[in-house]
Amino acid sequence: MSKFTFLKSDRSNIQTVLITGVFLITISILDVFLNSFFKFNLMSFLPDKISLVAPLLFGMIGMQLIRIEYSGNKYLDILNKNINNSKFNAALTLLIIFLIFKAIPPSLSWMILDANISGETKDACTGTGACWTYIKVWFRRFMYGMYPNEQHWRINTAFLLVIGLGTFGLFATEKMKKFLALYYVVIYPILAFLIIYYLISGGYFGLEWIETGAWGGLSLTFIVSFFCLIFCFPLGMILALGRRSNLPAVRYISIGYIEFWRGVPLITVLFMSSVMFPMFLPEDFFMDKLVRVIIAITLFEGAYCAEVIRGGLQSLPRGQYDAAKSLGMGYWKMHIFVILPQALKLVIPGICNTFLALVKDTPLIFVVGLAELAGMLALAKTNPKWLGFAMEGYIFAAIIFWIICYAMSKYSYNLEEKYKTER
Amino acid sequence: MSEAIIKIANMNKWFGDFQVLKDINLEVEKNKKIVVCGPSGSGKSTLIRCINRLEEHQKGSIVVDGTELNENTKNIEQIRAEVGMVFQQFNLFPHLSILDNCTLAPIWVRKMPKVQAQELAMKQLEKVQIADQAQKFPGQLSGGQQQRCAIARALCMEPKIMLFDEPTSALDPEMIKEVLDAMVNLAKGGMTMIVVTHEMGFAKEVADEVIFMDEGMIVEKAETKEFFANPKSDRTKLFLSQIL
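(A) Structural context of the interface of chain B and chain A. Taken residue by residue, the interface counts 25 residues in chain B and 23 residues in chain A. Here chain B meets chain A over a buried area of about 2100 Å², counting both sides, of which 64% is carbon and sulfur. On the chain B side of the interface with chain A, the three residues burying the most area are Pro94(B), His95(B) and Trp108(B), jointly 27% of the side's total. Summed over the shared surface of chain B and chain A, the number is two salt bridges. One salt bridge connects Arg318(A) with Glu55(B), and the closest N-O pair in it is separated by 3.0 Å.

Spelled out as structure tokens, the structure:
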């Protein structure tokens, strides 16, 4: 018999080991908790080096004790199976708990307890924590860029209108359903463009003209992402079909296009669009920088979309094509009614991936002088009156980007669920 | 003797270097039921897939309902609309309900109003006895039900000719009968049918003629009774002795 028999837990001594085990784990977690929240060392009577590892040691012994197979207690079994099924996993579990306890107090005190939000100038920030005053003062700039303050209602109205038009599909009657695809692919982008052009850019109907260079902040992030998303998707679809076409010319053009755009970095594409491209245009032809940038990103992301969609097309069995053909459907009818609905459903996760990457690539347009959210941060942090608050700004931006991206990925999960009819 | 609705003359087909079909000559008259049998790899499926040009032939000619199959896409689509096909793997559209599977082609190819297409589809589904499943999706149906739905889907185009490519080969034994019953009913209704199958019972019951194929050639073509009673070629005799 091993001398560690008392560590061998089974159902016969379940009461004893359970109480001892839970007690030891509680002690170990409590020690870390007190240490990190109240700077109080429960085990200060032990030598320094031992008191450092003591919580882990106690925790490990405790975990070892409560690791009882088929204990009969449902919750204990779940616990053991998932986070305490070996010494290694027990140690990982404990370390993760310790890490969380260690990380909470400093971040909490920096972000909330010691932070400042009052006042209008840098002087308000006296504490050791974050200076949210900075975000508060700059908030409008982060949202709207250099757009004049008294005109912000135009951006808000335009966005509300665009979102409102976007929900049209929810209210469409049975009869209008047929035209939904047409609406979203052709009519909606045009309407959105017109709204944004006339309302945000202005120059008509007594609205003051505001050049795109003044646009910025989160609203510019939205504008760029929105147009790139709705244009790059149909473009990708056409390229994906083109790459699988039987016509050699169409196929090689598609392959050439996709491989070209996938082979160049986005940042050079943006430089080209804003610096080189205008040189090739005739003198009297003017295309706004923002429009050029949107076109450039669309063309770039379209190639990625195309390959994702092609993956979906390739995963469909040949029988689906045969069946559609045998019913007398031509190329377009077959693709619109049979192939694409199935293929697009399969590529929702991949498309979502591409779209998330696109949204997070938009800060790159800063290199051509368009300051969207991250760009505004870069400008703000170099403002002499507000030096030294880059951290707050980037955390603010990270939170906003996270919310946008999480909402998008959540929406893609919903779509997947919605269209899950079989398999 | 009535006019031949399918005329195949000197048809040859290659997959790369491999010749699958060699000098096929075949005429099928209206309302006749032809069963094509033969060992696997003998080119039976390829033959009927050529009839609605799911496969392209390289030499010879195929004329279906007075229209020759060639590069002309309009002709091909027109012929495909007149020729229904049922596949071994059913090939229903999994993203559409059974009813939508049946109405899709009539609405978009035949330009039929939706209500009328639905009535027609329900009538055809009634015939194959799965009208009660109309709102379900293909994935929720058994193999036999799916295959009957596939038959109904093809019939909704009101085709002049029906092609069956081993319709029962992917089914469990107890489901074969329900599909064969549907096909027998269809045959009795006077449809022109070409059926690739190993179900010799079905052949005996409904076929007017049986074709035996081997190595890409039509080895024997005879009236059903004649075919089973005294096959001429040795290859046919061997095949029949193995399968019956």
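(B) Region of the structure containing the packing of aromatic side chains. Counted under the stated rule, the structure contains 20 aromatic pairs over all chains. Here Phe139(A) and Phe396(A) contribute two aromatic rings whose centre-to-centre distance is 6.2 Å and whose plane-to-plane angle is 65°, an arrangement assigned as edge-to-face. Of this pair, Phe139(A) sits in helix α5 (residues 132–144) while Phe396(A) sits in helix α17 (residues 390–418), and the two are 257 residues apart along the sequence. Its relative accessible area of 15% is what places Phe396(A) among the buried residues. Between Phe193(A) and Tyr197(A), the aromatic rings sit 6.0 Å apart at their centres with planes inclined by 15°, giving stacked as the arrangement. Of this pair, Phe193(A) and Tyr197(A) both sit in helix α8 (residues 180–201), four residues apart, which is roughly one turn of the helix. Look at Phe193(A) and you get partly exposed, because its relative accessible area is 40%. Feature note: the residues Tyr188(A), Phe193(A), Tyr197(A), Phe226(A), Phe227(A) and Phe231(A) constitute an aromatic cluster, connected by ring pairs. Over the ring of Tyr252(A) we find Arg251(A); its NZ or CZ atom is 5.3 Å from the centre of that ring. Here the basic side chain of Lys204(B) rests over the ring of Phe228(B), its NZ or CZ set 5.1 Å away from the ring centre.

(C) View of the pattern of salt bridges. All names here are of chain A. Enumeration according to the criterion identifies 18 salt bridges over all chains in this entry. A salt bridge links Arg 262 to Glu 259, with the shortest nitrogen-to-oxygen separation between them at 3.5 Å. You can see Arg 262 and its partner Glu 259 sitting in helix α10 (residues 248–263), three residues apart, about one turn around the helix. We classify Arg 262 as partly exposed; its relative accessible area is 34%. Glu 259 sits in the partly exposed class, given a relative accessible area of 36%. A single salt-bridge network, built from bridges that share partners, covers Arg 243, Glu 259, Arg 262, Glu 307 and Arg 310.

Criteria and thresholds
- What you see as residue numbers is a count from 1 along each chain, following the sequence as written.
- Starting at A for chains and at 1 for ligands, labels are handed out in the order in which the entities are written.
- Selection of residues for local features in this predicted model requires a pLDDT of at least 70, selection of side-chain atom pairs for listing and counting requires 80 or more, and totals for whole chains, interfaces and linings are taken over all residues.
- Only hydrogens and water are set aside when side-chain values are computed; all heavy atoms of the structure are taken into account.
- Whether two residues are in contact is decided by their heavy atoms, any of which lying within 4.5 Å being enough.
- Buried area is calculated as the accessible area (1.4 Å probe) missing from two parts once they are joined, with the contributions of both summed.
- Criterion for a salt bridge: a side-chain nitrogen of Lys or Arg within 4 Å of a carboxyl oxygen of Asp or Glu.
- Only the six-membered ring of Trp is used, alongside the rings of Phe and Tyr, when aromatic pairs are assigned; centres must lie within 6.5 Å, and planes under 30 degrees apart are stacked while those over 60 apart are edge-to-face, with the rest tilted.
- Secondary structure counts use DSSP, requiring at least four H or I residues in a row for a helix and at least two E residues in a row for a strand, with both numbered from the N terminus.
- Relative accessibility thresholds used throughout: buried, under 20% of the residue-type maximum; exposed, over 50%; partly exposed, between the two (1.4 Å probe, protein chains only).
- Note on criteria: charge over ring means Lys NZ or Arg CZ within 6 Å of the ring centre, with the direction from the centre no more than 35 degrees off the ring normal.

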